[in-house]
Amino acid sequence: MPAVARGDCTDDALELGAAMAVVAFRGDYYVFAWCGAMVVTRDWVTFTVSRKVPAFEAGVVNGAVVVDGGQTLLAVGDGGGVATSPDGVTWTLHNSTVNSDLNGVVLGPNNTVVAVGGDQYDSAVAVVSADGGRTWTKTFEISTGLFADVHYSLGVFLTMDTVTSRLYATTSSAATQWRAVPPTPTPISKSAWVAFSTPGWSGQDQAWVVLQIIDNSGGGMGPFSLTLQRLYPGNLSWAHPQPLSVQPALTRFDNFITSTYVDGVLLGAVMPSTDPSQLFLAASYDHGATWHRPAGAEPEVECQGFFKPNGTQWVFLGGTSTYYAGLPLVLTSPDARTWTRRYPPAT
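Residues numbered from 1 in each chain as written. Predicted model: local features only at pLDDT ≥ 70, side-chain atom pairs only at ≥ 80, totals over all residues. Heavy atoms only, no water.

Another aspect to go through is the overall build of the protein. If you tally the helices and strands in the protein, you get zero helices and 28 strands. Burial analysis of the protein (347 residues in total) assigns 54% to the buried set. Long-range pairs, those at least 24 residues apart, make up 42% of the contacts in the protein between residues at least 6 apart in sequence. Surface accessibility of the protein: about 14,100 Å² in total, with carbon and sulfur atoms responsible for 50%. (Helix = DSSP H or I, 4+ residues; strand = E, 2+ residues; numbered from the N terminus. Buried < 20%, exposed > 50% of the residue type's maximum accessible area, 1.4 Å probe, protein only. Contact = heavy atoms within 4.5 Å. Areas by Shrake-Rupley, 256 points an atom, 1.4 Å probe, with all protein chains shown as cover.)

Written out as structure tokens, the structure reads:
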């Protein structure tokens, strides 16, 4: 079925837009597009464009995880939308108890799911489900904020208010009792951030690592540099009074849009000041000390992030145009060094 690129997602026509999330489920990869449609593939060669996830406000899906020990897909999106599916075809809507856009979701211990969201002109919220997404409870809220993503590792749920760049965390397995993390020694820029856990960053103790994008000009125009800071999960304290600084080989990080760390590799999408319409990927294989532009990695316009959904293959998600126009852009790589464009497929 051909895709229809339109300016909104409310029409019954099958619309796509930028890719927002990817999960591995029952032997297939499910790429969730901006307008709620799914691009499904088993081999990254043959693709099926599937029906929409039902009834989200404007059809927008922002994140997805697999719950129930691999038996159920769970998607979250705008307007507090939550839906689950046992097969990727039949979906059941659930009441998240909030109307805020849900921007990120993560699976914690014992089938506990945490979704976060909000609106920068309203409140930021965290909602929790103890039964794989069927019933939900709001466990945390701050006024005038926006939670864009949530992470879980080392017994800690961690999120950030992108309005104030303040981190919030809870060590509760039920994702209750959230509290503000003490400020980092160097203020976190609002341009981008990523947090990840490591069994020993550069030989140090097990801790969270927060990759910060520092605006050296103070005026939002760059140049930017990268800073690594370690956060101990037990008492949510920073390991060092001074950040662990690294100097990127790239001359300017004028807009480091998104970044992630998996299995020792740091990846980011950079918008250069010389041509803001041309994004490019940047990769570091030595914990941020040096940076490279991987072969075949041209994200075009939109960039949603990097994923490793089955633990063996990297996936980059973006779009060929703005969020709701154009098509999902999917790149894959076995090693984060050489990338191949998979979707849209070559004609």
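Our next topic: the pattern of salt bridges. Inspection of the entire model under this criterion finds three salt bridges. The shortest N-O distance in the salt bridge between Asp68 and Arg134 comes to 2.7 Å. Note that Asp68 is positioned in the loop between strand S5 (61–67) and strand S6 (72–77) and Arg134 in the loop between strand S11 (124–129) and strand S12 (137–142), a separation of 66 residues in sequence. For Asp68, a relative accessible area of 25% translates into the label partly exposed. The partly exposed category is assigned to Arg134, whose relative accessible area is 32%. (Salt bridge = Lys/Arg side-chain N within 4 Å of Asp/Glu carboxyl O.)

Ordered by their spatial adjacency, four strands build an open sheet running S1-S2-S3-S4, and the pairing between neighbours is antiparallel. Edge positions in the open sheet fall to strand S1 (19–25) and strand S4 (47–50), since each of these has one partner strand only. Across the sheet, the mean angle separating the axes of adjacent strands is 20° when strand polarity is ignored. Taken together, the four bridges between strand S2 (residues 28–33) and strand S3 (residues 38–41) define a ladder with antiparallel strand orientation. Bridge assignment links Tyr30 to a residue of S3, and that residue is Val40. (Pairing = 2+ DSSP bridges. Axes fitted to C-alpha atoms, helices over the stretch in contact; angles between N-to-C directions.)

Taken as a whole, this structure holds ten aromatic pairs when the rule is applied. Geometrically, the ring pair formed by Phe25 and Tyr30 is edge-to-face, given 5.8 Å between the ring centres and 65° between the ring planes. Grouping residues by exposure puts Phe25 and Tyr30 together as buried. Ring centres of Phe32 and Trp91 lie 6.3 Å apart, and the angle between their planes is 80°; this geometry places the pair in the edge-to-face category. Of this pair, Phe32 sits in strand S2 while Trp91 sits in the loop between strand S7 (81–85) and strand S8 (92–95), placing them 59 residues apart in sequence. (Phe/Tyr/Trp six-rings, centres within 6.5 Å; stacked < 30°, edge-to-face > 60°.)

Spatial strand order, S5-S6-S7-S8: four strands in an open sheet with antiparallel pairing. The strands lining the two open edges of the sheet, one partner per strand, are S5 and S8. Going from strand to strand, the sheet's axes swing by 25° on average, the running direction of each strand aside. Pairing of S7 with S8, which is carried by four bridges, proceeds in the antiparallel orientation. Within S8, the position partnered with Gly81 by the bridge is Asn95.

Our next topic: the pairing of strand S9 (residues 102–107). In terms of residue burial, S9 counts as a mostly covered element, since five of its six residues are buried. As defined by bridge partners, S9 adjoins strand S10 (residues 113–119) across five bridges and the pair is classed as antiparallel. Within the sheet, the bridge partner assigned to Gly104 lies in S10 and is Val116. Here S9 folds back onto S10, and the loop between the two strands holds five residues, one of which, Asn110, carries a positive phi near 55°.

In this section: the environment of Gly296. Position of Gly296 among the secondary structure elements: in the loop between strand S24 (280–284) and strand S25 (302–307). With 41 residues separating them in the primary sequence, Gly296 and Arg337 have C-alpha atoms 8.9 Å apart.

Taking burial as the measure, the five residues of strand S15 (residues 166–170) include four buried ones, the bulk of the element. Summarising the sheet, strand S14 (residues 156–161) and S15 pair through five bridges and their orientation is antiparallel. By the bridge assignment for S15, Thr159 is matched with Tyr168. Between S14 and S15, which pair antiparallel one after the other, the connecting turn spans four residues, and Ser165 there sits at a positive phi close to 60°. Relative to strand S16 (residues 179–180), S15 runs antiparallel, the two being bridged by two bridges. Counted as the bridge partner of Ala169 is Arg179 from S16.

Relative to the helices and strands, Ala33 resides in strand S2. Residues Ala33 and Leu327 lie 294 residues apart in sequence; the distance between their C-alpha atoms is 8.3 Å.

Once that is clear, we can look at the confidence of the model for the protein. Regions with low pLDDT should not have their predicted coordinates read in detail. On average, residues of the protein score 76 in pLDDT, and 65% of them are at 70 or above. In the model of the protein, strand S21 (residues 244–246) stands out as the element of lowest mean pLDDT, 51, in contrast to S11, which has the highest, 97. (pLDDT = per-residue confidence, 0-100.)

With that settled, consider the side chain of Thr41. Assignment of secondary structure puts Thr41 in strand S3. A distance of 2.8 Å separates a polar atom in the side chain of Thr41 from the backbone oxygen of Thr46. Setting aside anything within four residues of it in sequence, one finds Thr41 in contact with Asp28, Tyr29, Thr46 and Phe47. (Polar contact = N/O pair within 3.5 Å; in protein donor to acceptor, adjacent residues only side chain to side chain.)

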